[in-house]
Amino acid sequence: MGKFFSGVKSEMKQVTWPTGKELRKYTMTVFGTVFFFVIFFMIVDFGITSLLGLFIK
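What counts and how
- Residues numbered from 1 in each chain as written.
- Predicted model: local features only at pLDDT ≥ 70, side-chain atom pairs only at ≥ 80, totals over all residues.
- Heavy atoms only, no water.
- UniProt positions renumbered as here; feature names shortened; annotations may be inferred.
- Helix = DSSP H or I, 4+ residues; strand = E, 2+ residues; numbered from the N terminus.
- Buried < 20%, exposed > 50% of the residue type's maximum accessible area, 1.4 Å probe, protein only.
- Patch = residues over 30% accessible without salt bridge, like charges linked within 9 Å, V, L, I, M, F, W, Y side chains within 5 Å.
- Areas by Shrake-Rupley, 256 points an atom, 1.4 Å probe, with all protein chains shown as cover.
- Salt bridge = Lys/Arg side-chain N within 4 Å of Asp/Glu carboxyl O.
- Phe/Tyr/Trp six-rings, centres within 6.5 Å; stacked < 30°, edge-to-face > 60°.

The name given to the protein chain in an unreviewed UniProt entry is Protein translocase subunit SecE, with Carnobacterium maltaromaticum as the source organism. Check the Sequence similarities (unreviewed entry) section of the UniProt entry for the protein chain; it says "Belongs to the SecE/SEC61-gamma family." What the UniProt record of the protein chain gives under Function (unreviewed entry) is the line "Essential subunit of the Sec protein translocation channel SecYEG. Clamps together the 2 halves of SecY. May contact the channel plug during translocation."

What follows is the structure, encoded as structure tokens:
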């Protein structure tokens, strides 16, 4: 068990963490992508609902 945690500690020393600026950039990229897909699927859903409404009436 001690050997495992020693390996984890050594690996964690090699990790490079993002800076605050990079983290904000990545977070904004994720939010922007999610927002784009939300709008896209809302439009697609509205279109499909409208088309089905024409045929079901």
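Things to note about the environment of Val-8
When you line up the elements, Val-8 lands in helix 1 (residues 2-14). The class of Val-8 is partly exposed, set by a relative accessible area of 33%. For the pair Val-8 and Val-30, spaced 22 residues apart in sequence, the C-alpha separation works out to 29 Å.

Thoughts on the UniProt feature "transmembrane region" (unreviewed entry) in the protein chain
Sequence positions flagged by UniProt for "transmembrane region" (unreviewed entry) are, in local numbering, residues 30-56. Across residues 30-56, the secondary structure splits into 100% helix and 0% strand, with the terminal C-alpha atoms separated by 38 Å.

Digging into a nonpolar patch on the surface
Together, Phe-36, Phe-37, Phe-40, Phe-41, Val-44, Ile-48, Leu-51, Leu-52, Leu-54, Phe-55 and Ile-56 make up an exposed nonpolar region whose accessible area comes to about 1200 Å². Tracing the backbone shows Leu-52 in helix 2 (residues 20-56). What makes Leu-52 partly exposed here is its relative accessible area of 46%.

Brief notes about the packing of aromatic side chains
Applying the stated criterion to the full structure yields five aromatic pairs. Measuring from ring centre to ring centre gives 6.2 Å for Phe-37 and Phe-41, while their planes differ by 25°; the resulting arrangement is stacked. In this pair, Phe-37 and Phe-41 both sit in helix 2, four residues apart, roughly one turn of the helix. According to the relative accessible area criterion, Phe-37 is partly exposed, its value standing at 40%. Geometrically, the ring pair formed by Phe-40 and Phe-41 is edge-to-face, given 5.1 Å between the ring centres and 75° between the ring planes. With a relative accessible area of 39%, Phe-40 lands in the partly exposed category.

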